[in-house]
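# A look at the structure
Listed below are the residues making up each chain.
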Amino acid sequence: MFIPHTSTEEKEMLARIGVSSVRELLNIPQDLAYPHLDLPPALTEAQLTAHIKSLGALNKPVKNFIGAGCYEHFIPAAVNALSSRGEFLTAYTPYQAEASQGTLQTIYEFQSCICALTDMDVSNASHYDGATAMAEAVLACVRINGRQKVLISSALHPHYKEVLHTYLQHFPQVSVQQIPCQNGVADKQAVEKMLDEQTSCLVLANPNFYGQLEDAQTLGELAHAKGALFVYVFQAMSLGLLRTPGSYGADFAVGEGQAFGNAMHFGGPGLGLFACKDAYKRQMPGRIVGIAKDKDGKRAFVLTLQAREQHIRREKAASNICSNEALCALNAVIYLTLMGPQGLKETAELNVERAHQLADLVSKIDGFSLKFTGPFFNEFVLQCPVPAKKLVQKLAKKGFGVYALEEKELQNCLSLCATETKTEQDLQDLAQALRGI
Amino acid sequence: MQEILNTSALSIEKSCPGRRGVRVEKSLKPAEAYLPKDVLRPQAPKLPELSEFDTVRHFTALSEKNYCLDSRFYPLGSCTMKYNPKAYDAFTALDSFANVHPFTAEVCVQGTLKMMYDLQELLKAITGLAAFTLQPAAGAHGELTGIMTAKAYHAARKDKKRTEVIVPDTAHGTNPATANMGGFTVVNIKSGPDGCVDKEALSKALSERTAVVMLTVPNTVGLFEKDIVEIARMVHASGALLYMDGANFNALLGLAKPGDFGVDLLHFNLHKTFAAPHGGGGPGSGPVGAAAHVAPFLPKPIVTLKNGKYTLSGKMPKSLGRMKAFYGNIAVCLRGYAYLRQHDGNTLKNVAEKAILNANYIRASLKDKFPAFFDRTCMHECVLQTVPAQMNGVHTTDVAKRLLDYGFYAPTIYFPLIVPEALMIEPTETENKEMLDSFIAAMTRIYEEIQTQPETVKSAPHGQCVKRIDEVSAAREPNLRWK
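Residues numbered from 1 in each chain as written. Chains lettered and ligands numbered in written order. Predicted model: local features only at pLDDT ≥ 70, side-chain atom pairs only at ≥ 80, totals over all residues.

## Brief notes about the domain arrangement of chain B
Using the following cut-off: The domain boundaries here were taken from an automatic or database domain assignment.
Each domain of chain B was delimited in the assignment, giving domain 1 (11-63), domain 2 (88-341) and domain 3 (353-458). On a C-alpha basis, the centroid separation for the pair domain 1 of chain B and domain 2 of chain B is 42 Å.

What follows is the structure in structure tokens.
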């Protein structure tokens, strides 16, 4: 498949090489070569297309009210029309800068947009996803101050906690402690007690996994008062409207950027956003693009600060990361360019409104109530009168996607999200379905 | 001619206050009606203000400054720049796959789960390994997953003194970085004079401290490890695991199964061997496979089939944990799945054979001017050199830049590190003979230029939108964003 060689050409090529068959070129030991492969028959493109569509048809479309780290937003057609151009899609990593100015400039613009959104000094070219970006930020903190205790909010996304646990497995001296929550946000008194001179960093998600807004100002100040670094996990879309990690004094600002112009794709690829204060840029993992000049003095873009990276430093590198999520970052920068400051703000405002309208509707249903009372952005926790997992199954049958929280202390709780993709009628329909259960 | 249109202007420099791209539905009430004022940002972010048409023009113009596989040949060694079938673009755009939330009830996502399960099965079939995880987001992430799986395996056996990972000097740069990130000490071993692992050096390096031996097969000089079976036996006898970097698996499709030669762990790059596009640097996907005794330690979750239903809820009590949020780069997995379903054992074998044929054709055609470092047949890529005595002061990097002028991307250069002035060339099976002949002609022409007008080569490129870039100054005073 996709092989152009004719048998005549093959013969000419073999003659040039000086052998009579490809087998003579192999240096695989005889007893290992040409094993039997038990594979289904090869499909033609037409058969394959039908097959893929039939697989897709096994996915039942639902009206999605799940957020929880992956968000459904409208994607203007221009985003995919531009990013799917072969010039972007089929380009390699921009190692030969002179032939890759397009990709390099889009990454520079992406970095600039992320800095503008977060009020941070520098951003990298992107990371695998929000969870791995957060884990790498924590590793950077431990490298920077050499302290061995990491305080994390218990209201972090559970997958982020698990990934951090994985990434810290080989640092047995580093301990992770979870800050208890009160009314769905970090308990400030507990934070004060837990922070000490051994604390490397405080990791806070804002809004957190329950959608609640934290008192990031106070928590950041508490961390800094003990000389700890402040790692801020932001929700991308919220930054169209909400105060920024930089304004709260964050040292590292990380988050999942899929919300900007990327479809959900069952959770991947994501787009890890990673920004920090200027002082820490040489501890930042991943690619970074900078402006340079060519030999005529003309503006040009290059991968820079490469002395941090694996292909130069090998085992002494800041991280083993090699790729970034360039195409997802491209989607994001096109999306942000189309939206502009005003479009992004209006979209974020519509998210706030829809989520609050939904919260209002469903919390009025008998037996249902809001679990927490603080401000939230586009998702919230709903206390239900029946096991939430049963509700998930029943609502799935009615064509709605909702998510049951797994935490023990949040039994019978659903996490609900309403973005600008939901109409007021959609909200009514979900409320109606809940009433009928 | 003086430029009138500034073709390297940033979007922010084209920005005009008040200009709008897309129109968005307005909320009925302002945000202050729902949220306290002190959580709102006082100033909007400094994003560009362009119309939709401006935006389309801006990014289209940028795309035209890119070299890409759809238009030209990429002879990049170890990158497997093969054709990315257009049908797969359409598959990933299907709403039924793209618009699916990862926390949707499993009963509603059986199509995606079945695709993932079947991809796991197909990868098992072509490797002879016992299990696969689709979670890793890229090749290097797959390496890290593999190394941590090995760590969990040794820990479960209470074998705690295994703190070293052995890496040959021909390894990808990510291998030692990965080992370090996994908390291991890296032990480098030198290759033998034939470009393969020196068994004596390996034997000396192996000990009860060895956790993993990381081998790239075929290795980065384009050779199959001829003693792989014995190497695996040595590794296992010392109690360590054999990890195979599968970045070069395009050379082995249908020709050899890693499970047959004793590989315990392996990662693939779906964006190399399985035809997913590189996207200018990602997203990739790096599934990791494991032999039966190591499989329980892979990250969770893995898709299983239970009573006719596909599920992610299978128990994996020995798993190392989770490597990223959710389940993997599923859109990339869908492309890998599609590629495998378009092939059977015979056509996969043909992929590897033609990749090997193309690489040897280039090696044989250029050997008088750019000799191979190891003068023998190669697998899917060949490592050539510029020979300083014949180069008139021209270096490999100059040859690379000059190739751009002739309409070719540069090969991977100065890698592997053991080869001085290396040019690592991987044509892949999807390039036709005419393209290979053109590349050979360009390399020959450059060789002639080196003899007659070396300055032209040293100052290349001449035909790109920018000339040779001063990378050193960029790192000295970094400008990493607009202000």
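## Comments concerning the nonpolar core
One broad trend across soluble globular proteins is that nonpolar side chains are buried collectively. Residue and element names in this part refer to chain A. Put simply, the rule reads: Buried Ala, Val, Leu, Ile, Met, Phe, Trp, Tyr and Cys residues whose C-beta atoms connect them within 7 Å together make up a nonpolar core. Residue burial here comes from a neighbour count, namely the number of other C-beta atoms, placed from the backbone, that lie within 10 Å of the residue's own C-beta, with 20 or more meaning buried, 12 or fewer meaning exposed, and in between meaning partly exposed. Secondary structure elements follow DSSP: runs of H or I of four or more residues count as helices, runs of E of two or more count as strands, with numbering from the N terminus. A pair of residues counts as a contact when their C-beta atoms, built from backbone coordinates, are within 7 Å of each other.
With 312 residues, the main nonpolar core has Met134, Val138, Leu202, Val203, Val231 and Tyr232 as its most contacted residues. The leading source of residues in this core is helix α11 (residues 326-363), at 19 residues. If we ignore the near neighbours within four places in the chain, the residues touching Leu202 are Leu151, Leu195, Leu219, Ala223, Ala228, Phe230 and Val231.

## Here's the deal with the sheet that holds strand β6 (residues 265-267) of chain B
Residues and elements named next belong to chain B. Basically, it comes down to this: Two strands make a pair as long as DSSP finds a minimum of two bridges between them. Every axis in this analysis is a line fitted to C-alpha atoms, fitted for helices over the stretch in contact. Angles between the N-to-C directions lie between 0 and 180 degrees.
The strand order across the open sheet formed by 7 strands is β1-β7-β6-β5-β4-β2-β3, and the pairing between neighbours is mixed. Here the strands that pair on one side only, and so sit at the sheet edges, are β1 (131-133) and β3 (185-189). On average, each strand axis in the sheet is inclined to that of its neighbour by 25°, with strand direction left out of account. In this sheet, strand β7 (residues 288-290) lies alongside β6 in antiparallel orientation, the contact comprising 3 bridges. Note that in β7 the partner of Leu265 across the bridge is Ala290.

## With respect to the interface of chain B and chain A
The extent of an interface is frequently quoted as the accessible surface area lost upon association of the parts. We apply this condition: When residues are grouped by polarity, Ala, Val, Leu, Ile, Met, Phe, Trp, Tyr, Cys and Pro land in nonpolar, Asp, Glu, Lys and Arg in charged, and all others, Gly among them, in polar.
Of the residues lining the interface, 169 residues belong to chain B; the matching set on chain A comes to 162 residues. Per-element tally for the side of chain B that touches chain A: the top contributor is helix α11 (residues 345-366) of chain B, with 13 residues. Each residue belonging to the side of chain B that touches chain A can be placed in one class, and the counts come to 91 nonpolar, 47 polar and 31 charged.

## Structural notes on the pairing of strand β17 (residues 413-417) of chain A
Residue and element names in this part refer to chain A. Judged by how many residues are buried, β17 sits mostly within the fold: 5 of 5 residues are covered. With 5 bridges connecting them, strand β14 (residues 379-383) and β17 associate as antiparallel partners. Of the residues in β17, the one forming a bridge with Glu379 is Cys417. Of the strand pairs in this sheet, strand β16 (residues 403-404) and β17 are connected by 2 bridges, and their pairing is antiparallel. Counterpart to Tyr403 in the pairing with β17 is Ser415.

## Section: the packing of helix α6 (residues 130-145) of chain A against helix α7 (residues 158-167) of chain A
All names here are of chain A. The cut-off we apply is this: The cut-offs work like this: below 35 degrees is roughly parallel, past 145 is roughly antiparallel, 65 to 115 is roughly perpendicular, and the gaps in between are oblique. In this scheme, a crossing is called left-handed if the near helix is turned counterclockwise away from the far one by less than a right angle; it is called right-handed if the turn is clockwise.
In the contact formed by α6 and α7, the axes pass within 9 Å of each other and the chain directions differ by 45°. Relative to α7, the element α6 is oriented oblique. Once α6 is placed against α7, the crossing between them reads as right-handed. Contact with α6, carried on its side by Gly130, Ala131, Thr132, Met134, Ala135, Val138 and Leu139, involves His159, Tyr160, Val163, Leu164 and Tyr167 of α7 and no other residues of that element. Each residue belonging to the contact of α6 with α7 can be placed in one class, and the counts come to 9 nonpolar, 3 polar and no charged.

## A few points about unusual backbone geometry
Note the cis peptide between Asn206 of chain A and Pro207 of chain A, where omega equals -5°. Topologically, Pro207 of chain A is positioned in the loop between β7 (199-206) and α9 (216-225). With omega at 5°, the peptide bond leading from Gly282 of chain B into Pro283 of chain B counts as cis. With respect to the secondary-structure elements, Pro283 of chain B resides in the loop between β6 and β7. Not every positive phi belongs to a glycine, and Thr80 of chain B is a case in point at roughly 50°. Tracing the chain through its elements places Thr80 of chain B in the loop between α2 (52-63) and α3 (86-93). Note on Thr80 of chain B: 26 C-beta atoms within 10 Å, which makes it buried.

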